[in-house]
Amino acid sequence: EVQLVESGGGLVQAGGSLRLSCAASGYTLDDYAIGWFRQAPGKEREGVSCISSSGGRTYYADSVKGRFTMSSDNAKNTVHLEMNSLKPEDTAVYYCAFTRCGIYNYGKGYYWGQGTQVTVSS
């Protein structure tokens, strides 16, 4: 069974930090890349970050470069997204998904988690 479970979301003040985790099963980073995506109400889903299937490359949307950092724990088949200097416009439901880093930036993936809410207050 393919499953991805996000955790770590919550309410944080602008300028604060949050660490999201994505525990994956069914496939590993040897099979697919894993991406982080977000969707705010009434807006399209957008790719936030991606780590390649080799684990050797990470990619970030321009809006989060320098603030967000993605990492992997291959022994646990888990990826993390460290979010710093959070802004109100970062507020969204955050999803992780098995994907390819060549398509994540289009908001596309193959298998999805349930999402975790991130709310950044002014």
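Residues numbered from 1 in each chain as written. Predicted model: local features only at pLDDT ≥ 70, side-chain atom pairs only at ≥ 80, totals over all residues. Heavy atoms only, no water.

Visitor: Can you break down unusual backbone geometry residue by residue, with the values?
Guide: At Asn77, a position not held by glycine, the phi torsion is positive, near 50°. Checked against the element boundaries, Asn77 lands in the loop between strand E7 (68-73) and strand E8 (78-83). Despite not being glycine, Ser85 has its phi angle at roughly 50°, a positive value. Residue position: Ser85 is located in the loop between E8 and strand E9 (92-99). (Helix = DSSP H or I, 4+ residues; strand = E, 2+ residues; numbered from the N terminus.)

Visitor: Residue-level account of the side chain of Thr99, with values.
Guide: The topology assignment puts Thr99 in strand E9. The contact partners of Thr99, leaving out residues within four places of it in the chain, are Tyr32, Ala33, Ile34, Gly35, Phe37, Cys50, Tyr104, Lys108, Gly109 and Tyr110. (Contact = heavy atoms within 4.5 Å.)

Visitor: Pulling in residues and values, what's your account of the nonpolar core?
Guide: Within the largest apolar cluster, 28 residues are counted, with the highest numbers of intra-cluster contacts made by Ile34, Trp36, Leu81, Met83 and Tyr94. Among the secondary structure elements, those contributing two or more residues to this core are strand E3 (18-25), strand E4 (33-39), strand E5 (46-51), E7, E8, E9 and strand E11 (116-121). Counting residues in hydrophobic clusters, the runner-up holds six residues, among them Phe37, Cys50, Ala97 and Cys101. (Core = buried A, V, L, I, M, F, W, Y, C linked by side-chain atoms within 4.5 Å. Buried < 20%, exposed > 50% of the residue type's maximum accessible area, 1.4 Å probe, protein only.)

Visitor: Can you tell me about the environment of Leu11, naming the residues and giving the values?
Guide: Along the chain, Leu11 falls in strand E2 (residues 10-13). According to the relative accessible area criterion, Leu11 is exposed, its value standing at 65%. Distance from Leu11 to Tyr32, taken between C-alpha atoms, is 31 Å for residues 21 residues apart in sequence.

Visitor: Can you tell me about the pattern of salt bridges, naming the residues and giving the values?
Guide: Under the defined criterion, the tally for this structure stands at five salt bridges. Lys65 is paired through a salt bridge with Asp62; the nearest N and O atoms lie 3.1 Å apart. Assessed through its relative accessible area of 65%, Asp62 is described here as exposed. Asp90 is the salt-bridge partner of Arg67, the closest N and O atoms lying 2.8 Å from each other. Residue Arg67 is located in the loop between strand E6 (58-60) and E7, and its partner Asp90 is located in the loop between E8 and E9; the two are separated by 23 residues in the primary sequence. Each member of the pair, Arg67 as well as Asp90, is classed as buried. Several salt bridges converge on common partners, so that one network encompasses Arg38, Glu46, Arg67 and Asp90. (Salt bridge = Lys/Arg side-chain N within 4 Å of Asp/Glu carboxyl O.)

Visitor: I'd like a rundown of the environment of Val93, residues and numbers included.
Guide: On the secondary structure map, Val93 appears in strand E9. Spatially, the C-alpha atom of Val93 lies 15 Å from that of Ser121, the residues being 28 residues apart in sequence. With residues near it in sequence (within four places) discarded, Val93 still touches Phe37, Arg38, Gln39, Gly115, Thr116 and Gln117.

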